[in-house]
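The primary structure of each chain is shown beneath.
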Amino acid sequence: MPQPSRNTRQSLAPSTAKARQLSHLNSQLAQLQAHLADLQDIMRVTAVQAENIKSLGGLNGALLMAAGKVLGEPFDPNTGTG
């Protein structure tokens with residue numbers, strides 16, 4: 001007679017462990033989804049910043065060439081020297 005109750009207890013243990021694992025997995029997936037949303041926002045900001053850095057590089061190059069003309073030393077882009 002004690003055997004059926006023991007078998008029932010053993011069969012419940014794996015299902016509760018599985019439920020606990022699924023609950024933990026669900027919470028980890030929610031955390032991953034939140035982190036991916038944060039990463040998407042960061043990537044969007046990075047793309048805007050990359051465009052701005054590109055513009056700043058062009059402005060710096062223009063200022064360097066203008067300064068070379070003002071100082072009387074023409075800038076040769078092929079050699080990189082004035």
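The coordinates are above.
Let us look at the structure shown here. All figures in this text were calculated on a predicted structure; none of them were measured in a lab. (Residues numbered from 1 in each chain as written. Predicted model: local features only at pLDDT ≥ 70, side-chain atom pairs only at ≥ 80, totals over all residues. Heavy atoms only, no water.)

**A short note on the pattern of salt bridges**
On inspection of all chains with the given rule, the structure shows 1 salt bridge. Here R44 and D41 are joined by a salt bridge, their closest N and O atoms 3.0 Å apart. Here R44 pairs with D41, and both are found in helix α1 (residues 2–71), just 3 residues apart, close to one helical turn. Of the residues examined, R44 reaches a relative accessible area of 48% and is grouped as partly exposed. Looking at D41, the relative accessible area reads 40%, which means it is partly exposed. (Salt bridge = Lys/Arg side-chain N within 4 Å of Asp/Glu carboxyl O. Helix = DSSP H or I, 4+ residues; strand = E, 2+ residues; numbered from the N terminus. Buried < 20%, exposed > 50% of the residue type's maximum accessible area, 1.4 Å probe, protein only.)

**A few points about the environment of S27**
Tracing the chain through its elements places S27 in helix α1. When its relative accessible area of 42% is taken as the criterion, S27 is described as partly exposed. A polar contact is formed between the side chain of S27 and the backbone oxygen of H24, at a distance of 2.7 Å. (Polar contact = N/O pair within 3.5 Å; in protein donor to acceptor, adjacent residues only side chain to side chain.)

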